[in-house]
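These are the residues of each chain, in order.
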Amino acid sequence: MKKLLCIFLFLLNLTIQSAFAQNLTQTIKGSVIDADTKEPLIGASVLVLETNPPIGNVTDENGNFKITNVPVGRQSLKVSFIGYEDFLVNNIIVSSAKEVVLNLELKESLNTLKEVVMVAEQEKDRPLNDMATVGARTFSVEETSRYAASFADPARMAQSFAGVSSGGSDGNDIVVRGNSPIGLLWRLEGIEIPNPNHFSNGEGSSGGAISVISNTVLANSDFMTGAFPAEYGNASSGVFDLRFRNGNAEKREYSVQLGALGVQLAAEGGFKKGKEASYLVNYRYSTTGVLDAIGINLGGNVTPTFQDVNFKINLPTQKFGKFAIFGLGGISYGGEKAIRDTTQWKSRWDTFEGGELQQRGVVGLSHRYNFGNQKTYLKNVVAVSYEGRLDKTDTLNKRYEATEIYRATSGYTNIRVASTLNHKFNARHVLRTGFIFSNLGYNTYKREMNFDTNKINVMLDENNATQLLQGFAQWQYRANEKLTFNAGGHYTRLLLNGSQSLEPRIGAQFQLNNNHTFSFGAGMHSRVSPVAYYLTKVTMPDGSLQEANRNMGLTKAVHQAISHDWRISENWRLKTEAYYQYLYEVPVEINGTESILNTAGGTEDIRLTNAGKGENYGVEFTLERFLSKGFYTLVTASLYESRYQDGLGTWRNSRFNNHYVFNVLGGKEFKMGREKQNVLSVNTRIMWRGGLYETPIDLAKSRENQRTVTIKEQAYTYQVPDFFRVDFSCGYRINRSKTAWSINAEIQNITNRLNFFGQYFDTKTQEVKVFNYVGLLPNLNIRVDF
């Protein structure tokens, strides 16, 4: 309590000092390039609109600009260039400690005699990839912090978007339109990466408890929920297309954060004065790990710990293009110990203890070369990634001596190469084509105790590699200023068993007038199952092991969506999107009820066949007030059905068939201090969704076997109670001459509602027991930039 009081008094002192401070200013700088060719635009005008009189500058021979003496606070820019559509960038946060660096892209106008002004809020959710027409939106770094209880995590933030929910947990799993989370594609800097989350949910999962990615290094990025452009392959549900920003090449800047999740340090700057090369790095170590090191245990009998690092090194050259080295890495550990009181042991399950170590990382090199014709660029990316885990379980005897009964290790080392050639014929026609080669290395081992024979059986021991080949081509045709077509195709082939997929894609967008835009998208998509599924071995009647799924094919889907975007007023919009998705050749249990569409992660030791089907259909609504005069709101509603056909030919509810998902977000900023240079912000979020579907527990057979036994014939017929949560956050940002301080307090589940998590057979009570998510979860974060 004394420490919290000291922090409060310190921040209060900063507030009092800043109240009598001088007018603070900062620099806004960056570059302006052609959106299609990535060529610099020389002489483009960049104007700050909120100042009186307006201030601005023009870009130099490299397309760079710098505007000094910009007042701190939220500012808006207007970017103009002859023959291009004007572009407005609204509500940029200008702080006293860090320069604002922007990379802006302008679209060439089809009619150079008529200026077409693109209002930023009207296009605010438009993806950075302009070949995406439906089911896609961009998100800003600031939104990952502004949305209540997002914990600066892009995945948690995306759970507020229409059509998106979590996988039935308080984690950051992404369920898109009822699809399994394992259908999500993560990309970084244009290339596929493994799941970037700590404490992930097993093989092939897309989420976890805490993101490895820090929003201090993140740039504005895209999120997609269906009917993706042709360049995106190996995805059947959604796409996170992330980008890291470049460090400030002209000034060294630092950040220090201390919060409930971790202690975080960030640094950026240039390598040599007058050069554009820069570095950006962020490191974080979990607060629980720090406290455990000094003897304070907040994590139970085994303290969960994690650490991670993100970085990007930008190396532009005059003649050979732009190079960049990027990467991320994370290590996490958690576990549980058995009760050290033998009188409380009621079954063998009470004697178990163990833990899991997870490691993940990516290191990549990207290169973009603009050809001399100023219409073509070639981008190449090569990356090496690793995702590994060690899961171990022991059983104790009455002398507390441990005997290992389960050990599973996995290591997936992937080498990927992606090449994209983009050519702009003119303002109407753009062609983009490329290929992706992936070498998928795997080293997996699993052994477990057979309690009937009291022997350890080795279930899996594989060390090999396979390859994934992908190619794509897409074309954009702008018929006029109102009508745009996108068409292309993607090809995927898995060399492990020769399974393949040829996937046509098409999209169109029609802007009826300044207030109404209609969009359509359709295409075929596919997803390679987690490698562990292909390696599964099952025990035969004679006790031997036999490969079960080596020849399993790709999961395939057809997406169709149509949307209407209504600009109600300058700051309000209503978007409606309807969709239908048909999934086929889905891996399902042979003569059983299980389907890969119900999997959130992990592996199943069962035989699978591509005889399953699925369908998702629904309608989504997004009512949004863009941040204006310090106030914003976002209301999303999703009504949908998600079903699957199992190996018996029976149609069932999918596990993730919530039926409905509602989100209500809002927030207000208040300018504080004599010069109105400090900001108090208040934000809230309400989440309400239908419960997931589970398979009922057979109480009689559970008692007979002394473990949880489900009624397979009634698979996914029991819908758990609805999930409801209210989150709240508030923050205060203090600007001083050379530093900026911020303190943010977030409370997840402020009403302390105990939402249903799962159920199991309790060997102690001999009854079915329900366990819930954690209740109220606070998070305090203090940050200083200098």
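Calculation rules
Residues numbered from 1 in each chain as written. Predicted model: local features only at pLDDT ≥ 70, side-chain atom pairs only at ≥ 80, totals over all residues. Heavy atoms only, no water. Helix = DSSP H or I, 4+ residues; strand = E, 2+ residues; numbered from the N terminus. Rg over C-alpha atoms; globule rule 2.2 N^0.38 Å. Contact = heavy atoms within 4.5 Å. Areas by Shrake-Rupley, 256 points an atom, 1.4 Å probe, with all protein chains shown as cover. Phe/Tyr/Trp six-rings, centres within 6.5 Å; stacked < 30°, edge-to-face > 60°. Buried < 20%, exposed > 50% of the residue type's maximum accessible area, 1.4 Å probe, protein only. Lys NZ or Arg CZ within 6 Å of the ring centre and 35° of its normal. Pairing = 2+ DSSP bridges. Axes fitted to C-alpha atoms, helices over the stretch in contact; angles between N-to-C directions. pLDDT = per-residue confidence, 0-100. Core = buried A, V, L, I, M, F, W, Y, C linked by side-chain atoms within 4.5 Å. 1 Å grid on protein atoms, 1.4 Å probe; cavity = no way out; pocket = protein on both sides within 12 Å on 5 of 7 lines; lining within 4 Å. Points joined across faces, edges and corners; volume = space filled by probe spheres on them. Nonpolar A, V, L, I, M, F, W, Y, C, P; charged D, E, K, R; others polar. Salt bridge = Lys/Arg side-chain N within 4 Å of Asp/Glu carboxyl O. Polar contact = N/O pair within 3.5 Å; in protein donor to acceptor, adjacent residues only side chain to side chain.

## Things to note about the overall build of the protein chain
So, point 1. Looking only at helices and strands, one finds six helices and 46 strands in the protein chain.
So, point 2. At 27 Å, the protein chain has a C-alpha radius of gyration in line with the 28 Å of a compact globule built from 786 residues.
So, point 3. Summarising its shape, the C-alpha atoms of the protein chain cover approximately 85 × 65 × 50 Å along the three principal directions.
So, point 4. Counting only contacts in the protein chain whose residues sit at least 6 apart along the sequence, the fraction spanning at least 24 positions is 64%.
So, point 5. When the accessible surface of the protein chain is summed, it comes to about 33,100 Å², and 57% of that surface belongs to carbon and sulfur atoms.

## Details of the packing of aromatic side chains
So, point 1. Scanning the model with the defined rule gives 22 aromatic pairs in all.
So, point 2. Each ring, one from Phe 161 and one from Phe 223, has its centre 6.1 Å from the other, and the planes form 45°; the classification is tilted. Residue Phe 161 is located in the loop between α3 (154–158) and β10 (164–165), and its partner Phe 223 is located in strand β16 (residues 221–224); the two are separated by 62 residues in the primary sequence. Judged on exposure class, the residue Phe 161 and its partner Phe 223 are both buried.
So, point 3. Ring-pair connections join several aromatic residues into one group, and the members of that group are Phe 139, Phe 161, Trp 186, Phe 223 and Phe 240.
So, point 4. Across from the ring centre of Tyr 632, 4.5 Å away, lies the NZ or CZ of Arg 146, which sits over that ring.
So, point 5. Lying over the aromatic face of Phe 670, Lys 668 brings its terminal NZ or CZ to 5.8 Å of the ring centre.

## Some remarks on the sheet that holds strand β1 (residues 25–34)
So, point 1. Strand order across the open sheet formed by three strands is β4-β1-β7, with mixed pairing between neighbours. In the strand order of this sheet, the two ends are held by β4 (64–71) and β7 (100–106), each with one partner. Taken pair by pair, the neighbouring strands of this sheet meet at an average axis angle of 25°, ignoring direction.
So, point 2. Note: β1 against β7, seven bridges, orientation parallel.

## Focus: the pairing of strand β39 (residues 678–689)
So, point 1. Both strand β38 (residues 660–672) and β39 contribute to a ladder of 12 bridges, which runs antiparallel. Its bridge partner being in β39, Gly 666 is matched across the sheet by Thr 684.
So, point 2. The antiparallel pairing of β38 with β39 creates a hairpin that spans five residues between the two strands, and Gly 673 there sits at a positive phi of about 85°.
So, point 3. In terms of strand pairing, β39 meets strand β42 (residues 723–735) through 11 bridges, oriented antiparallel. If you follow Ile 686 over to β42, its bridge partner there is Val 726.

## Digging into the confidence of the model for the protein chain
So, point 1. For the protein chain, mean pLDDT is 90; residues scoring 70 or higher make up 94% of the total.
So, point 2. Within the model, the stretch residues 1–5 combines pLDDT values under 50 with one contact to residues more than four positions away or in other chains.

## Comments concerning the nonpolar core
So, point 1. Formed by 34 residues in total, the largest nonpolar core has its most connected members in Ile 174, Phe 223 and Phe 240.
So, point 2. When contributions to this core are tallied by element, the ones reaching two or more residues are α3, β12 (184–188), β17 (238–242), β22 (322–336), β24 (376–396) and β36 (631–645).
So, point 3. If we skip the residues at most four places from it in the chain, Ile 174 touches Ala 155, Ala 158, Gln 159, Val 164, Ser 165, Pro 181, Leu 184, Ser 206, Phe 223 and Phe 240.
So, point 4. Membership of the second largest hydrophobic core comes to 21 residues, among which are Leu 468, Tyr 534, Ala 557 and Leu 583.

## Observations concerning the environment of Val 256
So, point 1. With respect to the helices and strands, Val 256 occurs in strand β18 (residues 253–259).
So, point 2. Along the chain, Val 256 and Thr 763 lie 507 residues apart, while their C-alpha atoms are 48 Å from each other.

## Description of empty space enclosed by the protein
So, point 1. Within this structure, the stated rule accounts for 12 cavities of 30 Å³ or more.
So, point 2. Its boundaries defined by the atoms lining it, the largest cavity holds a volume of some 470 Å³.
So, point 3. Lining the largest cavity we find 27 residues, and of these Glu 192, Gly 204, Glu 387, Arg 527 and Pro 530 sit closest to its centre.
So, point 4. Contributions of two or more residues to the lining of the largest cavity are made by β12, β25 (402–424), β26 (429–450) and α5 (531–534).
So, point 5. Tallied by class, residues from the lining of the largest cavity come to 14 nonpolar, eight polar and five charged.
So, point 6. Roughly 200 Å³ of volume is contained in the second largest cavity.
So, point 7. Among the elements of the structure, β9 (136–139), β34 (572–589) and β35 (608–628) are those that each provide at least two residues to the lining of the second largest cavity.
So, point 8. Residue contributions to the lining of the second largest cavity peak at four residues, all from β34.
So, point 9. Its residues placed into classes, the lining of the second largest cavity shows five nonpolar, five polar and seven charged.

## Section: the pattern of salt bridges
Pairing between side chains of opposite charge can happen when their charged atoms approach one another.
So, point 1. Tallied over the entire structure, the rule returns 46 salt bridges.
So, point 2. A salt bridge links Lys 38 to Glu 105; the shortest N-O distance between them is 3.2 Å. One end of the pair, Lys 38, is in the loop between β1 and β2 (45–48); the other, Glu 105, is in strand β7, with 67 residues separating them in the sequence.
So, point 3. On the accessibility criterion, Lys 38 (15% relative accessible area) is buried.
So, point 4. Its relative accessible area of 28% is what places Glu 105 among the partly exposed residues.
So, point 5. One salt bridge connects Glu 669 with Arg 74, and the closest N-O pair in it is separated by 2.6 Å.

## Re the side chain of Ser 642
So, point 1. Inspection of the secondary structure assignment puts Ser 642 in strand β36.
So, point 2. According to the relative accessible area criterion, Ser 642 is buried, its value standing at 1%.
So, point 3. Polar contacts involving the side chain of Ser 642 include one to the side chain of Ser 654, which spans 2.7 Å.
So, point 4. When residues no more than four places from it in sequence are discounted, the contact partners of Ser 642 are Gly 178, Glu 615, Asn 616, Arg 652, Asn 653, Ser 654 and Asn 657.

## A short note on the sheet that holds strand β13 (residues 191–192)
So, point 1. The five strands lie next to each other as β9-β16-β17-β12-β13, forming an open sheet whose pairing is mixed. A strand with exactly one partner marks an edge of an open sheet, and here the two such strands are β9 and β13.
So, point 2. By the bridge criterion, three bridges tie β16 to β17 in an arrangement that is antiparallel. By the bridge assignment for β17, Phe 223 is matched with Phe 240.

## Regarding the layout of surface pockets
So, point 1. Counted as a void, the second largest pocket has a volume near 700 Å³.
So, point 2. Of all the secondary-structure elements, those providing two or more residues to the lining of the second largest pocket are β5 (73–80), β6 (86–94), β35 and β38.
So, point 3. Of all the elements, β5 adds the most residues to the lining of the second largest pocket, at four residues.
So, point 4. Broken down by class, the residue content of the lining of the second largest pocket amounts to seven nonpolar, 12 polar and 10 charged.

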